Amino acid sequence: MIADRPIVVAGAGAIGCFVGGMLAASGRRVALLVRPRVKTEIERFGLLLTDFDGSENKLGAGQLALSEDPSIFHSAGIVLVTVKSADTAAVAEQIAQHAPEDAVIVSLQNGVGNVAALRERLGGRRVLAGMVPFNVIAMGEGRFHRSTSGDIHVGEDAENTAGKLSVAGLTMRASGDITGVQWGKLIINLNNALSALSDMPLAAQLASRDWRRLFADQMAEGLAVLKAAHIVPVSSTPIPMSWSPTLLRLPDAIFGAILGRTMKIDPEARSSMWQDLKQGRKTEIDYLQGAVIALAERNYVAVPLMRRIVALIKEAEAAGNGPLRMTPQQIRG
């Protein structure tokens, strides 16, 4: 399927351009469904994929197909969905109209509800959940920078789709509990909002015990909700998810030593929500904190800190002035 038919990335923003570019750099046939601005940028500058470890891959625009037209799905063997969660229904309609019936659809999106939304609109097609643990920053002029470490997880299937997609520099692993993996990533992604509100790089934020305590308190709310709902989140690091709030509250030196052994973070790494506020876009807060709050309401669990953080992000979205540069104390109110 992969050998003779292209892999099409649906909605190639930062994650989509990086993942699609890495696949193309390894010799795979790749097509990107992109917005006009991104198409123009890649046609002018090509793709430069850089990594926190100092490595880079340079691709010319001719090494992959670029289109603003969803008819680019017409011969896809695999479709990688990387659009924002709010755009899932729309892209599903495009896939249904243009992609072959036997194309495998893989969601590489934040949140936990996208696969259900895709399946609802794609009938009996094979749709797999995925989880991307790393951040990618769009640096401009065709450069996309991976700023944190981690391997992509894809739901296990008989065709070993994860194994077929895995290439040098972009490992994809099959997971037998992709739902748990997705909830684990969502709990970690609760920090996206704190990064956006602080206007600080992730590494600097995690180096501050006050910020880590705030993250720990929000994470503890989320874990309490999952426990009430009988959902077991799967950690993407060797550290069990249930230990994370306690570890985050440790003194700086001890926490720094543990973090350095489990995860690599570029000093300038930022969250996708920070990028959204910076560029005046609507964030995915409704699909991250919002998903936990909805689950909390169904299970009668109080999440006051999370509700406060959602309100602050909504205020920042409405104001349109970018990240708010708040302190942990201001966020707590």
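You'll find the structure just up there.
Residues numbered from 1 in each chain as written. Predicted model: local features only at pLDDT ≥ 70, side-chain atom pairs only at ≥ 80, totals over all residues. Heavy atoms only, no water.

Q: So what exactly am I meant to see when it comes to the overall build of the chain here?
A: Secondary structure assignment for the chain yields 15 helices and 12 strands. Taking 2.2 N^0.38 as the reference for a compact globule, 333 residues should give roughly 20 Å; the C-alpha atoms of the chain span a radius of gyration of 19 Å, in line with that estimate. Projected onto its principal axes, the C-alpha positions of the chain cover 55 × 40 × 40 Å. Residues classed as buried in the chain amount to 53% of the 333 residues present. Restricting the contact set of the chain to residue pairs at least 6 apart, pairs at least 24 apart contribute 70%. Carbon and sulfur atoms make up 52% of the accessible area of the chain, which totals about 14,300 Å². Between the centroid of the 35 positive side chains of the chain and the centroid of its 32 negative side chains there is a distance of 4 Å. (Helix = DSSP H or I, 4+ residues; strand = E, 2+ residues; numbered from the N terminus. Rg over C-alpha atoms; globule rule 2.2 N^0.38 Å. Buried < 20%, exposed > 50% of the residue type's maximum accessible area, 1.4 Å probe, protein only. Contact = heavy atoms within 4.5 Å. Areas by Shrake-Rupley, 256 points an atom, 1.4 Å probe, with all protein chains shown as cover. Lys, Arg positive; Asp, Glu negative; His and termini not counted. Charge placed at Lys NZ, Arg CZ, Asp CG, Glu CD.)

Q: Even after reading the chapter, I still don't get the pairing of strand β9 (residues 136-140), so can you show me in this structure?
A: Residues in a regular strand point their side chains to alternate faces of the sheet. In terms of strand pairing, β9 meets strand β10 (residues 143-146) through 4 bridges, oriented antiparallel. Following the sheet pairing, G140 is matched in β10 by R143. Counting the residues that bridge the hairpin from β9 to β10 gives 2 residues, and of these E141 lies at a positive phi of roughly 55°. (Pairing = 2+ DSSP bridges.)

Q: Help me out: how do you make sense of the packing of aromatic side chains in this one?
A: Note on aromatic pairs: each is described by the distance of the centres and the angle between the planes. Going through the model one piece at a time under the given rule, you end up with 1 aromatic pair. Taking NZ or CZ as reference, R146 lies 4.9 Å from the ring centre of F134, over its face. Just above the ring of W274 sits the side chain of R270; from NZ or CZ to the centre is 4.4 Å. (Phe/Tyr/Trp six-rings, centres within 6.5 Å; stacked < 30°, edge-to-face > 60°. Lys NZ or Arg CZ within 6 Å of the ring centre and 35° of its normal.)

Q: Sorry, what's going on with the pairing of strand β6 (residues 78-81) here?
A: Side chains I78 and L80 project from β6 onto one buried face, and the interleaved V79 and V81 project onto a second face that is buried too. Pairing geometry for β6 and strand β7 (residues 104-107), over 4 bridges, is parallel. Within β7, the residue paired with V79 across the bridge is I105.

Q: Would you mind going over the sheet that holds strand β8 (residues 127-131) with me for this structure?
A: Working definition: the strands of a sheet are paired by backbone hydrogen bonds and lie parallel or antiparallel to each other. Spatially, the 8 strands line up as an open sheet ordered β5-β2-β1-β6-β7-β8-β11-β12, and their pairing is mixed. Both outer strands of the open sheet, β5 (65-67) and β12 (172-175), are each paired with one neighbouring strand and no more. This sheet shows a mean twist of 25° between the axes of neighbouring strands, independent of strand direction. (Axes fitted to C-alpha atoms, helices over the stretch in contact; angles between N-to-C directions.)

Q: What's the story with the packing of helix α3 (residues 88-98) against helix α4 (residues 114-121) in this structure? I'm lost.
A: Helix-helix packing is characterised by the crossing angle of the two axes and by the distance between the axes. The interhelical angle for the contact between α3 and α4, taken along N-to-C directions, is 35°, at an axis separation of 9 Å. Seen along the crossing, α3 lies across α4 with a hand that is right-handed. Contacts between α3 and α4 pair T88, A89, A92, E93 and A96 from the former with N114, A117, L118 and R121 from the latter. Along the lines of polarity and charge, the residues of the contact of α3 with α4 split into 5 nonpolar, 2 polar and 2 charged. (Left-handed = near helix turned anticlockwise from the far one by under 90°. Nonpolar A, V, L, I, M, F, W, Y, C, P; charged D, E, K, R; others polar.)

Q: How do you make sense of the side chain of S195 when you look at a structure like this?
A: With respect to the element layout, S195 can be found in helix α7 (residues 191-198). By relative accessible area, S195 is classed as buried at 0%. Dropping the residues within four chain positions of it, S195 is found in contact with M200, L202, Q205, S271 and W274.

Q: What is the right way to read the environment of A257 from this model?
A: When you line up the elements, A257 lands in helix α11 (residues 252-262). On a C-alpha basis, the gap between A257 and W183 in space is 26 Å, while along the polypeptide they are 74 residues apart.

Q: How should the sheet that holds strand β3 (residues 47-51) be read in this particular structure?
A: Ordered by their spatial adjacency, 4 strands build an open sheet running β4-β3-β10-β9, and the pairing between neighbours is mixed. Two strands bound the open sheet, and with one partner strand each, they are β4 (56-59) and β9. For this sheet, the mean angle separating the axes of adjacent strands, direction not counted, is 15°. Sitting on the sheet, helix α1 (residues 14-25) is in contact with β3, β4, β9 and β10, with an inclination near 95° to β3.

Q: Please explain unusual backbone geometry as it appears in this structure.
A: Glycine aside, residues mostly have negative phi angles, and peptide bonds mostly take the trans form. A positive phi angle, close to 60°, is found at H230, a residue other than glycine. Relative to the helices and strands, H230 resides in the loop between α9 (209-228) and α10 (244-248). For Y300, which is not a glycine, the phi torsion comes out positive at approximately 55°. Of note, Y300 is situated in the loop between α13 (289-298) and α14 (304-319).

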